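Chain and residue survey
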Amino acid sequence: MEKETFISGYCRCLDGSRIVDLLTEDGKLLEVDCSFENCPHTPQCTIAATIRGELKMEN
């Protein structure tokens, strides 16, 4: 079952706050409208931390 989640937080790449749309299915990332997988700031990013948490919650 697909699940859509909206995550708000601070984006270092954009240097501002934003809302990220996350689409998952059975704990797998289908789509995200940020550079989560390739962003150099992912280790420190609060949005990325929420995305990782969402992926773990569905497993």
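The text that follows walks through the structure, step by step, so that each part is easy to find. Remember, predicted model here, so these are calculated numbers, not experimental data.

Quick look at a negative patch on the surface
A surface patch of like charges, here negative, comprises E2, E4, E25, D26 and E31. With respect to the helices and strands, E2 occurs in strand β1 (residues 2-11).

A closer look at the pairing of strand β2 (residues 16-25)
Where β1 and β2 come together, ten bridges link them in antiparallel fashion. Pairing of E4 across the sheet is with L23, part of β2. Remark: two residues form the turn of the hairpin made by β2 and strand β3 (residues 28-32), two consecutive strands paired antiparallel; D26 in that turn has positive phi of roughly 50°.

A closer look at unusual backbone geometry
For residues other than glycine, phi is negative in most cases, and the peptide bonds are mostly trans. Non-glycine residue D15 carries a positive phi angle of around 55°. With respect to the helices, strands and loops of the structure, D15 is situated in the loop between β1 and β2. For D15, a relative accessible area of 58% gives the class exposed. A positive phi is found at D26, a non-glycine position, where the angle reads about 50°. Structurally, D26 is set in the loop between β2 and β3.

Looking at the sheet that holds β2
Taking strand neighbours across the sheet as the criterion, the three strands line up as β1-β2-β3 in an open arrangement whose pairing is antiparallel. Every other strand in the sheet has two partners, leaving β1 and β3 as the edge strands with one partner each. Taken over all neighbouring pairs, the strand axes of this sheet differ in orientation by 30° on average, direction set aside.

Calculation rules
Residues numbered from 1 in each chain as written. Predicted model: local features only at pLDDT ≥ 70, side-chain atom pairs only at ≥ 80, totals over all residues. Heavy atoms only, no water. Patch = residues over 30% accessible without salt bridge, like charges linked within 9 Å, V, L, I, M, F, W, Y side chains within 5 Å. Areas by Shrake-Rupley, 256 points an atom, 1.4 Å probe, with all protein chains shown as cover. Salt bridge = Lys/Arg side-chain N within 4 Å of Asp/Glu carboxyl O. Lys, Arg positive; Asp, Glu negative; His and termini not counted. Charge placed at Lys NZ, Arg CZ, Asp CG, Glu CD. Helix = DSSP H or I, 4+ residues; strand = E, 2+ residues; numbered from the N terminus. Pairing = 2+ DSSP bridges. Buried < 20%, exposed > 50% of the residue type's maximum accessible area, 1.4 Å probe, protein only. Axes fitted to C-alpha atoms, helices over the stretch in contact; angles between N-to-C directions.

From the geometry alone we can't say anything about function, so treat these as descriptive.
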